[in-house]
Amino acid sequence: MLIFLTAIVFALIGLVLGGGGLWLIMLGGSWYYAIAGLGFLITAFLLFARRGAALTIYALLILGTLGWAIWEVGFDWWQLGPRGGVIILLGLWLLLPPIRRGLGFASPTGEVYKASALTLGVAVLASIAVAGYSMTQDPLDLAGELPVGTTTAAVDLGGNVPEGEWHQYGRTPYGQRFSPLAQITPDNVGKLKVAWQYQTGDVKRPDDVGETTYQVTPIKIRDTLYMCTPHNLAIALDAASGQEKWKFDANSGMNPDRQHQTCRGVTYYADPAAVAGSPCAERVYLPTADARLIALDAANGKVCETFADKGILHLETGMKYNPAGYYYSTSPPVITAGKIIIGGAVNDNYSTQEQSGVIRAFDVNTGALIWNWDSGNPDVTTPLPEGQTYMTNSPNSWSVFSYDDKLNLVYIPLGNQVPDQLGMGRSEHVEKYSSSIVALDITTGAVRWVRQTVHHDLWDMDVPAQPVLLDITGKDGQPVPALVGPTKQGDLYVLDRRTGEPIIPVKEIPAPTGAIAEDFTAPTQPISDLTFSPPPLTDKNMWGVTMFDQLACRIDFKRLKYEGRYTPPSLEGSLIYPGNFGTFNWGSVAVDPERQVMFGMPTYLAFTSRLVPRDQIPPKEQDQKGSEQGLNRNDGAPYGVFMGPFLGPLGIPCQAPPWGYVAGANLKTGQIAYKHRNGTVHDMTPLPLPFKVGVPGIGGPMITKGGVVFLGAAVDNYIRAYDLTTGKVLWEGRLPAGGQSTPMSYATDDGTQFVLIVAGGHGSVGTKPGDYVIAYTLAK
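Bear in mind that the values here come from a model prediction, so they are computed numbers and not experimental data.

**Student:** Residue-level account of helix H8 (residues 547-559), with values.
**Tutor:** An ideal rise of 1.5 Å per residue puts 18 Å on 13 residues; H8 measures up with 18 Å between its terminal C-alpha atoms. Along H8, the residues that are buried comprise Met547, Asp549, Gln550, Leu551, Cys553, Arg554, Ile555 and Phe557. Elements in contact with the buried residues of H8: helix H1 (2-26), helix H2 (32-48), helix H3 (53-73), helix H4 (77-95) and strand S28 (574-576). Between the side-chain oxygen at the start of H8 and the backbone nitrogen of Phe548 there is a gap of 3.2 Å, and the oxygen is on Thr546.

Spelled out as structure tokens, the structure:
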């Protein structure tokens, strides 16, 4: 009976692999699965007949699979496992005495010949040996070192920020995410312990949208930390103890049409004309999810009613269309030269009648409009006259700005015009400014230069990250004011921030064609010589836990339209890789301006994009919540779009890991020094397995002068410390929730260095929600 049941299992496997394999062959894919299916069927037939040849045939199947797998992926355990795991387990099953002893045949003379296990045993042992060897290898790892030592005598960190403080989202106006503190080093970082922990009380609610996330990096002024929460609580904490000083609730309400419920930070301002200690002499500005900007007294959290409309600036002013929940500010504005400069997030792919992406500068004290720069009408920056409106759906900037007050420039990472995947009817101005980095004059808002990172963007490739400013030593030995702009495609644009001209070369490469009849594609696309853009996918890169879901992913891959990077959206469905989740996203990169190096977390996830004709889009459900995944309706456009990650039947990525790395690059040479898998599947599986696969993440790193990098971000709930020179993990701390925020560091009056991270989870990547603020110091 056991042999009979085994034969049935082998026959079913053979039918599945054979049928799926034939389908894959018809799509132009690998012949392996059809051949393997045939091998299983022959083995099943011989098992039914109780012939010992079943073991020999199966041994040949194992050896053939082993050779094919090594030919496809080399000695990469994470790719060999799915190809051979089931087959080896079944081989071990066939070697069990109850199976093996029941096989053989009797000769006409009555002599019984038992099945020989030698060939199958050798095949299984060879496969196990290859598996063991591959576990010691990582063919995708790039080992190396970044240069050590300061390369410039006088380093410009931006602003006038005391060493122990963190005044802006990226610490200074330059957005470097670099702390000049050096108490924590690679030698002692293993002694970090929790100094204090605070809970905000703002947790994800049942009626929240999917992407309710903690992405905040607190700021630190003197002895106080200031931060915000997803539902727009502003909180002040004592930096030494974590004790709450005050809390303000903006009462921004709930709206199911919001795509994002988050707040990345607040902005601090000290009025030089105010009497020290007077009400609102120092202020904290809080952006909200209902498109307001609120001025608060930094001392007590009370509203500063002399600003704008009794302390509140209404950002929806001047919009022709103003659907609730479609427009809000998720990132902290910047303040310079008496101006508070702010953008806003416009929901992706909801409608052709959404708010403008205008960038505006207001008087920091009164809230009066000083200038407005609208990428849909870029030549007019004087304040919008009463009764007029900004351009509908013009490209917006939802991320964080940087500025250089010496050059009088503010740097804007600009997004795409929605609908993202439909380029018909875009104006000349929109075509010029979509998905670009723009430098605006701080005084007037006029454009000083623009560097586009995608032409005619059909993929939602917004420039997602705060541009990072530093000086890079030129070939003549003189410092060049530079800007590093990370993109979703994985390119790092290293530009002269005075002019926007490349320091590291940028070239144009041919791009795929084949847009829908109403649209077109750009013939070429830019790419930087410093890029983390991955190589194009092939069916060899398809993955699964087993050979069965791997086969399903191969079939789906061949069914999708895919011609490499910038394959246009299509009616049949296109594969977009890198996907709009981004190789880099709002977490940006961190730089060490002394060593002129960078550290980042490139992430690789393929997405799919399928256009849906208007007459095939169902009515909107009454309780439908906002999301960037699934069906994006694009009301008013001829097509909606169905988007999401490219997943297999088990809900895991179809492409093989690693999906996430940590990496370091030399910004003087443009060379990538190292690239290592980052993160484990500890929180991705029912069992807390510590396997270092290299998992996705979203968030940003922070570098300290001590040579240590801190990063949460990965979908396992850890904060880790890395050696900046090598990228190797030095320490990790378990977090009570997802750490998809960017850490920061500060010091108290006694000289103690703290490292702080906010752990509240991220709805889009499914990490555990929470409301934790956690500070670490060295054990004494």
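**Student:** So what's going on with the packing of H2 against H3? Which residues, and what values?
**Tutor:** The geometry of H2 relative to H3 is characterised by a closest axis approach of 8 Å and an angle of 165° between their N-to-C directions. Judged on the interaxial angle alone, H3 and H2 are roughly antiparallel. Both H2 and H3 take part in a crossing whose hand is left-handed. Here Tyr32, Tyr33, Ala36, Gly39, Phe40, Ile42, Thr43, Leu46 and Leu47 of H2 lie close against H3, whose contacting residues are Ala53, Ala54, Ile57, Tyr58, Leu61, Thr65 and Trp68. By residue class, the composition of the contact of H2 with H3 is 13 nonpolar, 3 polar and no charged.

**Student:** Break down the side chain of Gln176 for me, citing the residues and quoting the values.
**Tutor:** Relative to the assigned elements, Gln176 resides in the loop between helix H6 (118-134) and strand S3 (178-179). Here Leu469 takes part through its backbone oxygen, which lies 2.8 Å from a polar atom of the side chain of Gln176. When residues no more than four places from it in sequence are discounted, the contact partners of Gln176 are Asp156, Leu157, Gly170, Val468, Leu469, Leu470, Val589, Ala590, Val591 and Pro593.

**Student:** Talk me through the state of the cysteines; I want residue IDs and the actual numbers.
**Tutor:** According to the stated counting rule, one finds 3 disulfides in the structure shown. Sulfur-sulfur distance for the disulfide between Cys228 and Cys263 comes to 2.1 Å. Because the sign of the S-S torsion sets the handedness, a value of about -95° for the bond joining Cys228 and Cys263 places this disulfide among the left-handed ones. Taken as a pair, Cys228 in strand S6 (residues 224-228) and Cys263 in the loop between strand S8 (244-249) and strand S9 (267-270) lie far apart in primary sequence, 35 residues in all. Taken individually, Cys228 and Cys263 each receive the classification buried, so the pair is uniform in this respect. For Cys553, the disulfide goes to Cys654, at an S-S distance of 2.0 Å. Here Cys553 and Cys654 share a disulfide; its torsion about the S-S bond, -75°, makes the bridge left-handed.

**Student:** Explain the packing of aromatic side chains to me, and be specific about the residues and the numbers.
**Tutor:** Scanning all chains against the criterion turns up 23 aromatic pairs. Ring geometry for Phe10 and Phe40: centres 5.4 Å apart, planes at 45°, overall tilted. Taken together, the residues span a long stretch of sequence, with Phe10 in helix H1 and Phe40 in helix H2 at a distance of 30 residues. Across this residue pair, the class does not change: Phe10 and Phe40 are buried. With 5.3 Å between their ring centres and 80° between their planes, Tyr285 and Phe307 make a pair best called edge-to-face. Highlighted residues: Tyr285 in strand S10 (residues 282-287) and Phe307 in the loop between strand S11 (292-297) and strand S12 (312-314), separated in sequence by 22 residues. Per residue, the accessibility class of Tyr285 equals that of Phe307, and both read buried. In textbook terms, an aromatic cluster arises when at least three aromatic residues are bridged by ring pairs, as seen for Phe10, Phe40 and Tyr58. Lys675 extends its terminal NZ or CZ atom over the ring of Tyr661, reaching a point 4.7 Å from the ring centre. Geometry around Tyr718 places Arg734 over its ring, the cationic atom sitting 4.9 Å from the centre.

The rules behind each value
Position numbers for residues start from 1 in each chain and track the written sequence from start to end. The predicted nature of this model means local features are confined to residues of pLDDT at least 70 and side-chain atom pairs, given and counted, to a pLDDT of 80 or more, with totals for whole chains, interfaces and linings taken over all residues. To obtain the side-chain values, all non-hydrogen atoms of the structure were included, while hydrogens and water were left out. Think of it this way: any DSSP run of H or I at least four residues long counts as a helix, any run of E at least two long counts as a strand, and we number them from the N terminus. Expected helix span is taken as 1.5 Å per residue step, with the number of steps being one fewer than the number of residues. Only protein chains enter the accessibility calculation, which uses a 1.4 Å probe; a residue is then buried when its area is under 20% of its type maximum, exposed when over 50%, and partly exposed in between. Between two residues, a contact is recorded if the distance between any of their heavy atoms is within 4.5 Å. Residues adjacent in sequence count toward polar contacts only when both atoms are side-chain atoms; beyond that, a polar contact is any pair of N or O atoms within 3.5 Å, and within protein one must be able to donate a hydrogen and the other to accept it. All axes here are fitted lines through C-alpha atoms, helices being fitted over the stretch that makes contact, and every angle between N-to-C directions spans 0 to 180 degrees. Should an angle fall under 35 degrees it is taken as roughly parallel, and over 145 as roughly antiparallel, whereas 65 to 115 is taken as roughly perpendicular and any remaining angle as oblique. Take the far helix as your reference; a near helix turned counterclockwise from it by less than a right angle gives a left-handed crossing, and one turned clockwise gives a right-handed crossing. Nonpolar residues are Ala, Val, Leu, Ile, Met, Phe, Trp, Tyr, Cys and Pro. Charged residues are Asp, Glu, Lys and Arg, and all others, Gly as well, are polar. Our working definition of a disulfide is a cysteine sulfur pair at a distance within 2.5 Å. Two aromatic rings, drawn from Phe, Tyr or Trp (for Trp, its six-membered ring), form a pair once their centres lie within 6.5 Å of each other, and the interplanar angle then sorts them: stacked below 30 degrees, edge-to-face above 60, tilted otherwise. Only Lys NZ and Arg CZ are tested; either one counts as a charge over a ring when it is within 6 Å of the ring centre and within 35 degrees of the ring normal.

Shape is all these values report; function is a separate question.
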